[in-house]
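Understanding the architecture of this molecule
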Amino acid sequence: MTDLTAPIFTDADKAREHLEAQRWPDGPYCPHCGNADRLRITKMEGEKHRPGLYNCKECRKQFSVTVGTVFERSKVPLNKWLLATYLLASSKKGISAHQLHRSIGVTYKTAWFMFHRIREAMRVDTANAEPMGGQGKVVEADETYQGKTKETRTQSVDGRVKYQNKGRGPANKRPVIALVERGGKARSFHVHAATFDVVEKIVSQNIDKESRLHTDESRLYSVSKVPTMVAEHESVKHSADEYVRGDVYSNSVEGYFSIFKRGMKGIYQHCSEKHLHRYLAEYDFRFSNRIALGVDDTDRANEALKGIAGKRLTYRRTSEALL
Ligand SMILES: [Zn+2]
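Below or above, wherever it landed, is the structure these notes cover. Everything numeric here is computed off the predicted structure, so don't read it as measured data. Here the residue index of a chain counts from 1 through its sequence in written order. Confidence filtering applies because this is a predicted model: local features only for residues at pLDDT of at least 70, side-chain atom pairs given and counted only at 80 or more, and all residues used for totals across whole chains, interfaces and linings. Excluding hydrogens and water, the side-chain figures rest on all heavy atoms present in the structure.

**Some details on helix α10 (residues 276–288)**
- For α10, built from 13 residues, the straight-helix expectation of 18 Å at 1.5 Å per residue is met to within 8% by its first-to-last C-alpha distance of 18 Å.
- Across the 13 residues of α10, 12 count as buried, placing the element largely inside the fold.
- The buried label goes to any residue with under 20% of its type's maximum accessible area, the exposed label to any with over 50%, and the partly exposed label to all in between, with areas taken from a 1.4 Å probe on protein chains only. A run of DSSP states H or I qualifies as a helix once it reaches four residues; a run of E qualifies as a strand once it reaches two. Both are numbered from the N-terminal end. Along α10, the residues classified as buried are L276, R278, Y279, L280, A281, E282, Y283, D284, F285, R286, F287 and S288.
- On its buried face, α10 sits against α3 (78–90), α5 (108–122), β7 (175–181), β8 (186–190), α9 (251–266) and α11 (297–306). The span you would expect from a helix comes to 1.5 Å times its residue count less one. Contacts: residue pairs with any heavy atoms within 4.5 Å of one another.

So, in structure tokens, the structure goes:
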């Protein structure tokens, strides 16, 4: 357990040095032109400059460690950002913006924006990430439905799963598909509808073709093109009380969903649909960097800090000026 009164959480200069060590293990590089030549980068010393400012001799621009990150131009001191990152990274099921607001002395609204930015830092860019699984490795897939509505699930002849809300509109249906590499990482997706097309796209974009895929008996996987997209597709028949057959099971992905559901029910009850993908990024991140994989709370928080670059622009849509 990291001491929450540690200097990086209480002193903005120490926090900046810590962030520099995480982002620039080989020394600073210029975010404007990419220059990483130490001799061509000088630290701006003296009272005239704000601390942590560097000058690039290549492009003659100045920068600090937060340029191009989700922390850039924030009025919240960096040590509070690091504390918020640590708290979100180390909480088992998540932590509410209300609790952050009380813990670190920022307004509720600021706490809410901070957590969403940190979730953005935790998000895996699946389009450019390594595929999951590989030869001989097992990836488990499953779907769940998040939200308050009581839904009845039906499946039509063509295999399309349909949901009927009692007196509620389709906006309350929140299908989530998750992939978990056994003994490895998780990726989950909030999809508009859990259909053949959607599942096929997710499998093709995220799972190595040499993998074995384990699911339950859902037609989404068995009747679609999915079995041809992996080395082997096997399923257990939950409806016939079959949960494990040899090494075929989907317990890992079900374990993932159980943490996700407990957190969404206990902590993030009021999550709106448009933000669901960010909460999923948070759960994916903690699961993928869990203690069973040798990642402790401190490592996990540092891993999140490494993800803060290059994502600020994608989050500009929300009114970050409020921070
Ligand atoms: Zn430069």
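**Notes on the pairing of strand β9 (residues 212–216)**
- With 5 of 5 residues buried, β9 lies mostly within the body of the structure.
- Where burial is concerned, the two faces of β9 agree: the one with R212, H214 and D216 and the one with L213 and T215 are both buried.
- Here strand β4 (residues 138–145) pairs with β9 via 3 bridges, running parallel. Pairing of V139 across the sheet is with L213, part of β9.
- Summarising the sheet, β9 and strand β10 (residues 232–236) pair through 5 bridges and their orientation is parallel. Among the inter-strand pairings, R212 is bridged to a residue of β10, identified as E232. Pairs of strands are assigned from DSSP output, requiring at least two bridges between the strands.

**Points about the nonpolar core**
- By nonpolar core we mean a set of buried residues, namely Ala, Val, Leu, Ile, Met, Phe, Trp, Tyr and Cys, connected to one another through side-chain atoms within 4.5 Å. Grouped together as the largest cluster of nonpolar side chains are 56 residues, with contacts concentrated most on F63, F71, L100, M114, Y256, F260 and M264.
- For this core, the element with the highest residue contribution is α3, accounting for 9 residues.
- Where a domain begins and ends is set by an automatic assignment or by a domain database. Here this core spans two domains, and each of domain 1 (7–126 + 307–322) and domain 2 (130–284) adds at least three residues to it.
- Those residues in contact with F71 that lie beyond four places of it in its chain are L19, T66, L78, W81, L82, T85, R117, L305 and I308.
- Core analysis: the next-biggest nonpolar cluster, separate from the first, contains 20 residues, V191, I202, I207 and L213 among them.

**Quick look at the sheet that holds strand β2 (residues 54–56)**
- In spatial order, the strands read β1-β2-β3; together these 3 strands make up an open sheet with antiparallel pairing. Across the chains shown, the open sheet's two edge strands, defined by having one partner strand only, are β1 (41–43) and β3 (62–63).
- Alignment of β1 against β2, held across 3 bridges, turns out to be antiparallel. Counterpart to K43 in the pairing with β2 is Y54.

**Examining helix α6 (residues 196–206)**
- Looking only at α6, the buried set comprises F196, V199, E200, I202, V203 and N206. What you see down the axis of α6 is that its buried residues fit within an arc of 165°, all on one side. Those residues of α6 that are exposed and aimed more than 90 degrees away from the buried face are D197, K201 and Q205.
- Where α6 is buried, its residues contact β7, β8, α7 (219–222) and α8 (226–229). Arc definition: it is the arc formed by the directions from the helix axis to the C-beta atoms.

Without other data, these values stay purely geometric and don't point to any function.
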